[in-house]
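Residue-level structural notes
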Amino acid sequence: MESLQGDFARLLHRWQAQTGMTLPLFATPGKGEGRLLTPPAPTPLDKPPLLEVHGTTVIALKFKGGVLNVGDRRATAANAVMYDRADKIIPLDDYTLIAIAGAYGRAMEVVRYLRHAFKYYARSQLQPMSLEGKLQEVSRVLAANLPNALSGIGLFIPILSAYDPNQDAGRIFFYDASGARFETPDYGAAGSGAERIRGVFDYIAKTKGAFSERPLDEVLREAILLLDIAADLDAATGGIDKVMPTARYVNREGVFEVPEATLRELVQSLRGG
Amino acid sequence: MLTPYDFQENLQQRAQYIRNRLQAGSPVIGISYDNGIMLLTTRRRGRKVFEIYDRLMLSAIGNQADVETLRVAAIDFAHQEGFVRSPDDVTVQRVVGFALSPALKKAFGDPLTTPFVVRALFAELHDTPERDLFYILNYDGEFTPAERFAVIAGTTGAEDLAIRHLTESLNGTPTFEKAIPVALVAWGIAREAALQEDRDAIPESQARERLREELQEAQLEVGLLERKTLRENRFRLIPPEQLQGYLRHL
């Protein structure tokens, strides 16, 4: 709160200096409502904001025997669409998928590190790293990234989907920016569109049964539909029409990509074509 | 009796010592086939075919600890290079020629260290079989590239005989199903020729017999790097039950 007030006071001061106007009396700085009335700050005195590229919505759904990940292809910087072919769902090894929302550059660097770390372990030790070991490693890189995230750049939130050979089932984990890890029983999502569609997951699971009990093709259809809704509700989410989303899944046999043609057919049938 | 130190004699003795110890090693046959590249050998105890990097694998004969040192050095170099630059910059030519060969040469030439007892075969996968590469790395740091197929065995004579068999049996790029039986016979020839020196030919029947005998105590090991695969890792070991079919017609 302290810093919000400080920020506000600085903005107010600058605005007054530049426009010669004062704020209406009912806008009390520091009580919340003042923020709403703050005019967009002209920025010649500021450094230009760092335009960081962000990935938007990724969704992880369990299906019978594994986990499906779907992500739109859009990457944004402020309100500009920077890239519409971003791949935010990346295999880390044959049993693990990572889905990335947030700072694209930092996330890709971390993914490159994790891929090498997991493969290096498996190749040099002649056995794959345990699921717990991989999850810890993701926590560690997020914790190391925290100073960056606090300074306003490089914040990203991953969802980790894995096939767990001990339970013979798919598992989904999500993280916060400080590296805390949580497991989710049926589905997870991250990115700007994720919060908007939260209720839809619940609705589908409660009306049609848990995702983890349904076959892959049904769950894939639900995932594409969810992404479509996210794009309707969130300007930063790329959706399913212009460029096909990415869809990958992991099960006992490994990590696989859903072919673009399959996705195209699915989108056409969702559009009633 | 004290004799003046003779550099050449020292090297010859070391080489002789290593060659004697390599002679009993189980040969490794490498063949590049249409959808990948394979290394075939037998094992009695630990693993013999190892993944080094995304498109690179290794098998070797020699002292287990020396093979392990070589393997870990190759993996370390490849991953550092792949992370700092890119996976495309990890090539067998650089791993063998730059990272490993000078160290082997140094250990071999230094009278105060034990030399490596090792002869290694690297296989590097490319987009087409014509561009696949094998590298044979010797205990003294010498290395030789090869295309299409390559053999390491207990003696160079045995390698030559196995290569002759591969040259005669493989015209063009084989399929996996065609390559395995040829590799099995080549293994038998190389093994038999290494055990009985000074043979200028080994009949196929004798080679098969040798392999049958070996498989009573040992297990076949085949490692692949697959050219087209949906899996994230191109490397895999073929499960033994999948090889049973090929052994029935031995």
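In this report, we go over the structure that sits alongside the text. Chains are numbered independently. Their residues run from 1 in the order of the written sequence. For naming, the first written chain is A and the first written ligand is 1, with later ones following in the order written. Note on the predicted model: pLDDT of at least 70 is required for a residue's local features to be given, and 80 or more for side-chain atom pairs to be given and counted; whole-chain, interface and lining totals, by contrast, use all residues.

Some points on the overall build of chain B
Assigned secondary structure in chain B consists of seven helices and 10 strands. Using C-alpha atoms as the atom set, the radius of gyration is obtained and then compared with a globule rule of 2.2 Å times the number of residues to the power 0.38. By the compact-globule yardstick of 18 Å for 250 residues, chain B fits well, its C-alpha radius of gyration being 18 Å. If one aligns the C-alpha atoms of chain B with their principal axes, the spans along those axes are about 60 × 50 × 30 Å. Three exposure classes are used, based on other C-beta atoms lying within 10 Å of a residue's own C-beta, which is placed from the backbone: buried for 20 or more, exposed for 12 or fewer, and partly exposed in between. The buried share of chain B, taken over its 250 residues, is 43%. Helix and strand assignments come from DSSP, with helices taken as H or I runs of at least 4 residues and strands as E runs of at least 2, each series counted from the N terminus.

A look at the interface of chain B and chain A
Throughout, a residue-residue contact means that the two C-beta atoms, derived from backbone geometry, are no farther apart than 7 Å. Taken residue by residue, the interface counts 12 residues in chain B and 12 residues in chain A. If you list the elements that add at least two residues to the side of chain B that touches chain A, you get strand S3 (49–53) and helix H2 (64–84) of chain B. In terms of residues, the side of chain B that touches chain A owes the most to one element, H2 of chain B, which gives five residues. Residues were grouped as follows: Ala, Val, Leu, Ile, Met, Phe, Trp, Tyr, Cys and Pro as nonpolar; Asp, Glu, Lys and Arg as charged; and all remaining residues, including Gly, as polar. Looking at side-chain class alone, the side of chain B that touches chain A contains five nonpolar, three polar and four charged residues.

Considerations on the nonpolar core
Here is a general trend for soluble globular proteins: nonpolar side chains tend to be buried in one another's company. Grouped together as the largest cluster of nonpolar side chains are 73 residues, with contacts concentrated most on Met57, Leu121, Phe122, Ala162, Ala186 and Ala190 of chain B. Ranked by residues supplied to this core, first place goes to helix H5 (residues 176–195) of chain B with 11 residues. If sequence neighbours within four positions are ignored, Ala162 of chain B has contacts with Pro27, Ile29, Val151, Ala153, Ala186, Ile189 and Ala190 of chain B. Counting residues in each nonpolar core, the second largest holds 61 residues, with Ile89, Ala117, Phe156 and Ala162 of chain A among its members. The term nonpolar core refers to a group of buried residues, namely Ala, Val, Leu, Ile, Met, Phe, Trp, Tyr and Cys, whose C-beta atoms join them within 7 Å.

With respect to the sheet that holds strand S13 (residues 254–257) of chain A
Residue and element names in this part refer to chain A. Spatial ordering of the open sheet is given by S11-S2-S3-S12-S13, a layout of five strands whose pairing is antiparallel. Each having just a single partner strand, strand S11 (187–190) and S13 make up the two edges of the open sheet. Sheet twist, expressed as the average angle between the axes of neighbouring strands with direction ignored, equals 15 degrees. Strands qualify as paired when DSSP identifies two bridges or more between them. As defined by bridge partners, strand S3 (residues 66–71) adjoins strand S12 (residues 246–251) across six bridges and the pair is classed as antiparallel. Directly across from Gly66, in S12, lies its bridge partner Asn251. To get an axis, fit a line to the C-alpha atoms, keeping to the stretch in contact for a helix; angles then go from 0 to 180 degrees between the N-to-C directions. Helix H6 (residues 216–233) rests against strand S2 (58–63), S3 and S12 of the sheet, and its axis sits at about 160 degrees to S2.

Some thoughts on helix H3 (residues 92–109) of chain B
Residue and element names in this part refer to chain B. Expected helix span is given by 1.5 Å per residue-to-residue step, counting one fewer step than there are residues. Across its 18 residues, H3 extends 24 Å between first and last C-alpha, which sits within 8% of the 26 Å expected from 1.5 Å per residue. The bend reported for a residue corresponds to the angle between axes fitted to the seven residues ending at that residue and the seven starting there. At Leu100, H3 shows its largest bend, some 45 degrees, and a proline, Pro102, comes one to four positions later. Burial in H3 covers these residues: Val92, Val95, Val96, Leu100, Leu104 and Phe108.

What about the packing of helix H4 (residues 156–169) of chain B against H5 of chain B?
All names here are of chain B. Contact geometry of H4 with H5 gives a least axis separation of 8 Å together with a crossing angle of 155 degrees. Taken together, the axis directions place H4 and H5 in an arrangement best described as roughly antiparallel. H4 and H5 meet at a crossing whose hand is right-handed. Residues Gly157, Ala158, Glu159, Leu161, Ala162, His165, Leu166 and Ser169 of H4 form the contact with H5, whose own contacting residues are Val182, Val185, Ala186, Ile189, Ala190, Ala193 and Ala194. Residue classes in the contact of H4 with H5 are distributed as 11 nonpolar, three polar and one charged. Roughly parallel means an angle under 35 degrees; roughly antiparallel means over 145; roughly perpendicular covers 65 to 115; every other angle is labelled oblique. We call a crossing left-handed when the near helix sits turned anticlockwise from the far one by less than a right angle, and right-handed when that turn is clockwise.

Looking at the environment of Arg252 of chain A
Residue and element names in this part refer to chain A. Topologically, Arg252 is positioned in the loop between S12 and S13. Of the residues examined, Arg252 has 12 C-beta atoms within 10 Å and is grouped as exposed. Sequence separation of Arg252 and Ile98 is 154 residues, and the distance between their C-alpha atoms is 17 Å. Setting aside residues up to four positions removed in sequence, Arg252 forms contacts with Gly65, Tyr163 and Asp168.

Considerations on the packing of H2 of chain B against H3 of chain B
Packed helices, taken two at a time, are described by their axes: the angle between them and the distance between them. Residues and elements named next belong to chain B. Remark: H2 packs on H3, axes separated minimally by 10 Å, with the N-to-C direction vectors making an angle of 115 degrees. Where H2 crosses over H3, the handedness of that crossing is right-handed. Where H2 approaches H3, its residues Leu70, Ala73, Ala74, Phe77 and Ala78 are matched on the opposing element by Val95, Ala99 and Leu100. Its residues assigned to classes, the contact of H2 with H3 shows eight nonpolar, no polar and no charged.

Some points on H4 of chain B
Residues and elements named next belong to chain B. Its 14 residues place the ends of H4 20 Å apart at the C-alpha level, agreeing with the 20 Å of an ideal helix rising 1.5 Å per residue. Restricting attention to buried positions, one finds in H4 the residues Ala158, Glu159, Leu161, Ala162, His165 and Leu166. With its buried residues spanning 165 degrees around the axis, H4 presents them on a single face. Residues of H4 that are exposed and point over 90 degrees away from its buried face: Thr167 and Glu168. Buried residues in H4 make contact with strand S1 (28–33), strand S8 (149–152) and H5. Directions pointing from the helix axis toward each C-beta atom define the arc.

Regarding the pairing of strand S5 (residues 118–124) of chain B
Residue and element names in this part refer to chain B. Of all seven residues that make up S5, seven are buried, and the element is covered over most of its length. In S5, alternate side chains face the same way, and those of Val118, Ala120, Phe122 and Glu124 on one face and Arg119, Leu121 and Ala123 on the other are all buried. Of the pairings in the sheet, the one linking strand S4 (residues 56–62) to S5 comprises seven bridges and is antiparallel in character. Pairing of Ile61 across the sheet is with Arg119, part of S5. Note: S5 against strand S6 (residues 133–137), five bridges, orientation antiparallel. When the bridges of S6 are listed, Glu124 appears paired with Leu133.

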